[in-house]
There are 2 protein chains.
Amino acid sequence: MELELIAAIEQALRKRGGRVVRGPGDDAAVVRAGGGVAVTSIDTVVEGVHFDLSTHSPADVGHKALASALSDLAAMGASAGEAYVALGVPAGLGVERALELVEAMEALADRTGTTIAGGDVVSAPQLVVTVTVTGWGESEDALVYRDGVRPGDLIGVTGELGGSGAGLLRLQADPGASGPLVERHRRPEPRLDTGRALAAAGVSAMIDVSDGVATDARHLAERSGVEIEIELERLPLTDGVDPELAATAGEDYELLFSAPPERRAEVERAADVSWVGEARRGSGLRLIDAGGEALDLRGFEHA
Amino acid sequence: MELELIAAIEQALRKRGGRVVRGPGDDAAVVRAGGGVAVTSIDTVVEGVHFDLSTHSPADVGHKALASALSDLAAMGASAGEAYVALGVPAGLGVERALELVEAMEALADRTGTTIAGGDVVSAPQLVVTVTVTGWGESEDALVYRDGVRPGDLIGVTGELGGSGAGLLRLQADPGASGPLVERHRRPEPRLDTGRALAAAGVSAMIDVSDGVATDARHLAERSGVEIEIELERLPLTDGVDPELAATAGEDYELLFSAPPERRAEVERAADVSWVGEARRGSGLRLIDAGGEALDLRGFEHA
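Overview of the structure. (Residues numbered from 1 in each chain as written. Chains lettered and ligands numbered in written order. Predicted model: local features only at pLDDT ≥ 70, side-chain atom pairs only at ≥ 80, totals over all residues. Heavy atoms only, no water.)

1. Topic: the relation of the copies chain B and chain A
Copy one and copy two of the chain differ by a rotation about a common axis and a shift along it.
Link 1 in the chain: Least-squares fitting of chain B to chain A yields an RMSD of 0.0 Å, with the transformation described by 0.0 Å of translation along the axis and a rotation of 180 degrees. Viewed as a symmetry operation, the transformation between the two copies matches a two-fold axis. For chain B, the minimum C-alpha distance to the rotation axis belongs to G35 of chain B and amounts to 2.5 Å.
Link 2 in the chain: Of the interface residues in chain B, 100% have counterparts in chain A that sit at the interface too, so the contact is made through matching surfaces. (Least-squares fit on C-alpha atoms with pLDDT ≥ 70 in both. Contact = heavy atoms within 4.5 Å.)

2. Let's talk about the sheet that holds strand 13 (residues 294-295) of chain B
Sheets are built from strands that pair by backbone hydrogen bonding, the pairs being arranged parallel or antiparallel.
All names here are of chain B.
Link 1 in the chain: With respect to topology, seven strands assemble into an open sheet ordered 8-10-7-11-9-12-13, the strand pairing being mixed. In the strand order of this sheet, the two ends are held by strand 8 (205-208) and strand 13, each with one partner.
Link 2 in the chain: Pairing geometry for strand 8 and strand 10 (residues 255-259), over four bridges, is antiparallel. By the bridge assignment for strand 10, A205 is matched with S258.
Link 3 in the chain: Seen against the sheet, helix 6 (residues 192-200) touches strand 7 (154-158), strand 8, strand 10 and strand 11 (273-280) and runs at an angle of roughly 5 degrees to strand 10.
Link 4 in the chain: The strands touched by helix 7 (residues 213-224) are strand 8, strand 9 (227-231), strand 10 and strand 12 (284-288); relative to strand 8, the strand with the most contacts, the crossing angle is about 145 degrees. (Pairing = 2+ DSSP bridges. Helix = DSSP H or I, 4+ residues; strand = E, 2+ residues; numbered from the N terminus. Axes fitted to C-alpha atoms, helices over the stretch in contact; angles between N-to-C directions.)

3. Some thoughts on empty space enclosed by the protein
Link 1 in the chain: Summed over the entire model, instances satisfying the criterion amount to one cavity of 30 Å³ or more.
Link 2 in the chain: A38 and T134 of chain A together with A38, T40 and T134 of chain B are, among the 14 residues lining the largest cavity, the residues nearest its centre.
Link 3 in the chain: Within the residue set of the lining of the largest cavity, elements represented by two or more residues are strand 3 (37-46), strand 4 (79-89) and strand 6 (128-137) of chain A together with strand 3 (37-46), strand 4 (79-89) and strand 6 (128-137) of chain B.
Link 4 in the chain: For the lining of the largest cavity, the class distribution of residues is eight nonpolar, four polar and two charged. (1 Å grid on protein atoms, 1.4 Å probe; cavity = no way out; pocket = protein on both sides within 12 Å on 5 of 7 lines; lining within 4 Å. Points joined across faces, edges and corners; volume = space filled by probe spheres on them. Nonpolar A, V, L, I, M, F, W, Y, C, P; charged D, E, K, R; others polar.)

4. A look at the interface of chain B and chain A
It is common to give the size of an interface as the accessible area that goes away when the parts come together.
Link 1 in the chain: The interface is formed by 54 residues belonging to chain B together with 54 residues belonging to chain A.
Link 2 in the chain: In total, chain B and chain A occlude about 4,100 Å² of area from one another, counting both sides; carbon and sulfur atoms represent 54% of this.
Link 3 in the chain: The largest share of the area that chain B buries against chain A comes from D27, T40 and I42 of chain B, three residues that together contribute 16% of it.
Link 4 in the chain: Counting across the chain B and chain A interface gives ten salt bridges.
Link 5 in the chain: R223 of chain A serves as the salt-bridge partner of E10 of chain B, at 3.9 Å between the closest nitrogen and oxygen.
Link 6 in the chain: Between the two partners, chain B and chain A, sit 22 residue pairs in polar contact (both at pLDDT 80 or more). (Buried area = accessible area lost by both parts, 1.4 Å probe. Salt bridge = Lys/Arg side-chain N within 4 Å of Asp/Glu carboxyl O. Polar contact = N/O pair within 3.5 Å; in protein donor to acceptor, adjacent residues only side chain to side chain.)

5. Topic: the packing of aromatic side chains
Link 1 in the chain: For the structure on display, the rule yields two aromatic pairs over all chains.
Link 2 in the chain: When the ring of F257 of chain A is compared with that of W275 of chain A, the centres are 5.7 Å apart and the planes differ by 75 degrees; the resulting orientation is edge-to-face. Here the residue F257 of chain A occupies a position in strand 10 (residues 255-259), and W275 of chain A occupies one in strand 11 (residues 273-280), the gap between them amounting to 18 residues. The same class applies to F257 of chain A and to W275 of chain A, which are both buried.
Link 3 in the chain: In this arrangement the basic side chain of R22 of chain B is found over the ring face of Y145 of chain A, its NZ or CZ atom lying 3.7 Å from the centre. (Phe/Tyr/Trp six-rings, centres within 6.5 Å; stacked < 30°, edge-to-face > 60°. Buried < 20%, exposed > 50% of the residue type's maximum accessible area, 1.4 Å probe, protein only. Lys NZ or Arg CZ within 6 Å of the ring centre and 35° of its normal.)

6. Details of the pattern of salt bridges
Residue and element names in this part refer to chain B.
Link 1 in the chain: Applying the stated criterion across every chain yields a total of 46 salt bridges over all chains.
Link 2 in the chain: For K64, the salt bridge identified is with E251, shortest N-O distance 2.7 Å. Of this pair, K64 sits in helix 2 (residues 58-74) while E251 sits in the loop between helix 8 (243-248) and strand 10, placing them 187 residues apart in sequence.
Link 3 in the chain: Residue classification places E251 among the partly exposed positions, given a relative accessible area of 25%.
Link 4 in the chain: Residue E227 is joined to R280 by a salt bridge in which the shortest nitrogen-to-oxygen separation is 2.9 Å. On the criterion of sequence distance, the pair formed by E227 in strand 9 and R280 in strand 11 is long-range, its members being 53 residues apart.

7. Thoughts on the pairing of strand 10 of chain A
Residue and element names in this part refer to chain A.
Link 1 in the chain: Where burial is concerned, most of strand 10 is hidden: five out of the five residues are buried.
Link 2 in the chain: Across four bridges, the pairing between strand 7 (residues 154-158) and strand 10 is antiparallel. Each residue of the ladder has a partner; that of L154, found in strand 10, is A259.

Okay, here's the thing in structure tokens:
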């Protein structure tokens, strides 16, 4: 089954962008590096831990695994490059459904200019998908890190928040649920173009919203050595989502960033953003509710 | 447990080689690419499929997962660069044993000049280790591929064969077995220096012996469109191993290569090699026994 699947996967993959000299089939893939920097992230998802095949098709799993890895590149302001995919495939899944997983990845790769340049296929007791993505940047200074927030910076976020979390709640109540919130949960889109545009516009720090704005803002604050204050009522909400869910539910894969006030107009020209707070001297996160009171949502964050 | 483990892992890792701008802790790692090519391979091992914790310690598993990935770079003639490690950790393993796994990887990384530049830690029902390694080469032409064997080329192999397979048989008979064969199985060494030296000496194709010489020679023959003949009695045997086992057991992680006859002396100066056969027009593999008869060991190869 593995050999048949590997052959079918190699048939399904295409090279993009002119960088890949050798794709699957040799000991390793070979990619022209150019003169800049390689930006690399690895992510694993495990059936029964991160997803369930009763609510996610193999194609959903493949899409989401690649999307969440590419989202890390978006948060650095890097361009997508290559993906390397390791699949642990349970005996019961079958070649056809495993191939659907890869084809959904390949469709997203096509839309984002990514080449799936290598992989590994092994047996496993449950479906395990590991994706390593490498993106490329002109120089280390052209990228955006988590530790660049400065006191006085404005805090912004792209898109709308809470849709993925609301979709997950629907699926947990009814595995047959459908609709835009469920789609948002199953098929997140990495904000690669937006990430590059924000980097060029001069944002000072950036992270993707994978764990929820509250947790991800705390990561920015801790890495940067500042306090970040976010007002719940300024969060851009997906229709029908309340602010607490929008702040604490993860997997929206929007971009949370900081910018010096003098970059505000340039950032607004680069992307659709909402300004949700400010950074100041201090440490950690302050979440402010509609009445101006500080909230402690830590209990929610790891729910 | 995951957060504690991640913090301990970040403490255990060191940067090497001056290429890594940002290691773990941000959305992605950043590596200076220089002007050449990036060479990347991904490998996954799953508890119960590829190893058993009754015969392999977590440290053995970590060592071997990184070693087998680096061996793919050796087979390309590339220099080691960065490793990215995704761990699926079962609840019962504990932080300490998971950290032993990473520390064994880090020790091998140190010996080979590799930087473990990023990773992911998740829960899983059993131990799953995925390693992506990126090495670097001056240009695509300085690397060695599987498809370069030409009719008339000599076939050579480094080191000794069969030790890992013999060690595995001992462990299967007695999980408490020890000695050099068992060590050879548990702690293979990637032949990075040898791979680079052979590439510089002008070998025409190369592959690492992960599936056994017979299977790996067939890969070279199929990718190159030639027939490869190998004489069993010319195989360099680990003490106490018979030729059939040496030809069919995997995981020796030696290097199998082809070279034009005029490169013979240069190859012999570059590394300790044994000449085990020749390539000619045709297809597939011919294995010749001591009496000069062709053998069909396919039944053994997937044992």
